[in-house]
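Residue-level structure breakdown
Okay, here's what each chain looks like letter by letter:
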Amino acid sequence: MGILKDKDRNKVQNLFKQIDNDVTILMFTQETECQRCEMTRKMLEEISGLSDRISLEVHDFVAEGDLAKKHGVDKIPATVLLGDKDYGIRFYGVPAGYEFNVLIQDIRDVGKRNPGLSEAVTAELAKIDEPIHLQVIISPT
Amino acid sequence: MDFPSFSLDTSLLEEANEPDPEITYDLLILGGGPAAMSAAVYAARKMMNLAIITKDFGGQVRETSEVENWLGFQSINAKDLADSFEEHVKSFGIPVSLGRAITEVKKQGDTFRVWTDDATVYSSRTIILSTGKRHRLLNVPGEQELVGRGLAYCATCDAPFFKGKKVVVAGGGNSAFTTVLDLVKVEAEVTLINFIKGWQADGPLQKRVEQTGTVSMLDYRQIVKIEGKDKVTGVVVKNRESEKEEKLKTDGVFVEIGLLPNNQSVKDLVELNDQGEVIVDCTCQTSVQGLYAAGDVTTVPHKQIVIAAGEGAKAALSAYSYLVNKSLL
Amino acid sequence: MVEGSEFPFLAVKYNVQGVPHTVINEEHSVIGAPSEMEFAREILKAVGK
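One structure accompanies this document, and this report is about it. Per-chain numbering applies: the sequence of each chain, read as written, is numbered from 1 onward. Whichever chain is written first is A, and whichever ligand is written first is 1; the rest continue in order. Reporting of local features is limited, given that this is a predicted model, to residues whose pLDDT is at least 70; pairs of side-chain atoms are given and counted only at 80 or more, and all residues count toward the totals for whole chains, interfaces and linings. Working from all heavy atoms in the structure, the side-chain values ignore hydrogens and water.

**Observations concerning the overall build of chain B**
Where we set the bar: Per the convention used, a helix needs a DSSP run of H or I reaching at least four residues, while a strand needs a run of E reaching at least two, with both numbered from the N terminus. It only takes one pair of heavy atoms within 4.5 Å for two residues to be counted as in contact. Only four residue types enter the tally: Lys and Arg on the positive side, Asp and Glu on the negative side, with His and both chain ends excluded. The location of each charge is read from NZ of Lys, CZ of Arg, CG of Asp or CD of Glu.
The secondary structure content of chain B amounts to seven helices and 19 strands. Referenced to the eigenvectors of the C-alpha coordinate spread, the extents of chain B come out at roughly 65 × 55 × 40 Å. When contacts within chain B are restricted to residue pairs at least 6 apart in sequence, those whose partners lie at least 24 apart make up 60%. Here chain B holds 35 positive side-chain charges and 44 negative ones, and the gap between their average locations is 4 Å.

Rendered as structure tokens:
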């Protein structure tokens, strides 16, 4: 028995059919794993098994501090989504509850190399010429 | 492996197609609450070519915790009820535009055009406006600046942030009393303030609040200012009898003083009553041919989930008859 | 995406009292769920455009 129910697994697998580029998921945990790190890791292991395009690398936040630093990871559990480059997508904490939708959609978007924004919104965002740091703080529901 | 309180929501993963701006639909449904969703089910079963434009699904149902008057269920979790509505709608594969706000609806000849805030324009022969209502504001200094910084409009969403804190609830009706009970559950110290003399809430609700024995209830008082720089620190309350003002320290303010109809997109197109509600006849027809309205945004009294759902069904069937009579279906 | 209840110090740091709460470049906040266009404009506003 995995974490995902059969019905949910089918939904995710179905959505992942749209993925036509490789996606790498980096997950940062530590040797003595906290429960929330373990939950995140198990969930990502299951998700990454649902598409050949997705690979998962589990890293140690302490032992591989340099790698964590390189990706700007300063707390765990951390989930990093990478495509041809780093798009800056990070999840801190278990991406469960409603955020599970967001995690799956983000993996799909990275896999398609397309964030699915309309032309008008893309044009607005094109005016930005400096790095922007966004933190969306959510609660488990 | 069992983890505590571990749930995975997959409600957004049912892929819906985007509506096509090149197509003239039979019906566009604006909104995503019970009226809109019920209309969608009825229209889909009539094989109408339809699409839905909404910011999200569930409407105000998502702002409450338990529903105790949906026929067939003595009590049902509001999120479960909204999810089951959504799943029903999505089973028809109706195209949905999510995450865009509707800015304007116009009628050009026999065709309606709907503008969204990213400049997309959709076309349709009929419209069901079911955009619902939004929370009415106090319109006092400090309110706009402090939203989400101690000032809240949804107890189900935000009550947990006020565990053990001092909170003022503005209002005197059912929603204000329900909010008080949600806050008492998280051990907040609650003061209820009502503009008019007495309380409008139903008897049983009033009784439950009185039984807590911890809520201070002040009526015939007006909140004239919300104080705080980065977060709410207090309110200024005017006693309407003595005209005296006093400061009350508080960590939070929940505003539950009623709702306003989301009529912005049609306010220059259809007739509204003095409260801004869209005037409809008993077939859900507005003052504009082919434009129907259903749910809380309309003049139909008693804003209830079951009534909104019924009205939505009626609006869809009316739109269907309209197209059949015009030989457009 | 930050789970506020797992990192309560961030919820306190940014004065989070309702979700979603988005912090742009550490100093600007957007509260609630705006449409994509509204959100894009908030970001532009935060960088002074």
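Having seen it, we continue.
**What to know about the interface of chain C and chain A**
Defined as follows: In this description, buried area is defined as the sum, over both parts, of the accessible area (probe of 1.4 Å) that is lost when the two are combined. The salt bridge criterion pairs a side-chain nitrogen of Lys or Arg with a carboxyl oxygen of Asp or Glu, the two atoms within 4 Å. By the criterion applied in these results, polar contacts are pairs of N or O atoms within 3.5 Å in which, for protein atoms, one can donate a hydrogen and the other can accept it, and in which residues neighboring in sequence qualify only through two side-chain atoms. Under the convention adopted here, Pro, Cys and the residues Ala, Val, Leu, Ile, Met, Phe, Trp and Tyr are nonpolar, Asp, Glu, Lys and Arg are charged, and Gly plus all remaining residues are polar. In this scheme, strands are said to pair when DSSP sees at least two bridges between them.
Facing 28 residues of chain C, the contacting portion of chain A comprises 31 residues. When the two sides are added together, the surface that chain C and chain A hide from each other amounts to roughly 2,800 Å², 63% of it contributed by carbon and sulfur. When the area that chain C buries against chain A is broken down by residue, the three leading residues are Met 1, Val 2 and Glu 6 of chain C, summing to 25%. Where chain C meets chain A, there are three salt bridges. For the pair chain C and chain A, the interface holds 15 residue pairs in polar contact (both at pLDDT 80 or more). Within the residue set of the side of chain C that touches chain A, elements represented by two or more residues are β1 (2-3), α1 (8-13), β2 (21-24) and α2 (36-46) of chain C. Partitioned by chemical class, the residues of the side of chain C that touches chain A number 17 nonpolar, five polar and six charged. Looking at chain direction, strand β5 (residues 134-138) of chain A and β2 of chain C are connected through four bridges and run antiparallel. Opposite Leu 134 of chain A, over in β2 of chain C, you have Ile 24 of chain C as the bridge partner.

**Points about the pairing of β2 of chain C**
All names here are of chain C. Stated precisely, the cut-off is as follows: Buried residues are those whose accessible area, probed at 1.4 Å on protein chains only, stays under 20% of the maximum for their type, while exposed residues exceed 50% and partly exposed ones sit between those limits.
Alternating residues of β2 divide into His 21 and Val 23 and Thr 22 and Ile 24, and every residue in both groups is buried. Sheet analysis places β2 next to strand β3 (residues 28-31), joined by four bridges and oriented antiparallel. Bridge pairing links Thr 22 to Val 30 in β3. Hairpin connection, β2 to β3: the antiparallel pair is bridged by three residues, and Asn 25 has positive phi, about 50°.

**What to know about the packing of aromatic side chains**
All names here are of chain B. Going by this rule: When the centres of two rings from Phe, Tyr and Trp lie within 6.5 Å, Trp using its six-membered ring, the rings pair. Their planes under 30 degrees apart give stacked, over 60 give edge-to-face, and anything left gives tilted.
Taken as a whole and judged by the stated rule, the model has five aromatic pairs over all chains. Judged by centre distance (5.2 Å) and plane angle (65°), the ring pair of Trp 70 and Phe 85 falls under edge-to-face. Highlighted residues: Trp 70 in the loop between β3 (66-67) and β4 (76-77) and Phe 85 in helix α2 (residues 78-90), separated in sequence by 15 residues. The class for Trp 70 is buried, based on a relative accessible area of 18%. Phe 85 sits in the buried class, given a relative accessible area of 15%. Look at Phe 162 and Phe 254: their rings are 5.2 Å apart centre to centre, the planes differ by 75°, and that puts the pair in the edge-to-face class.

So yeah, pure geometry; function would need other evidence.
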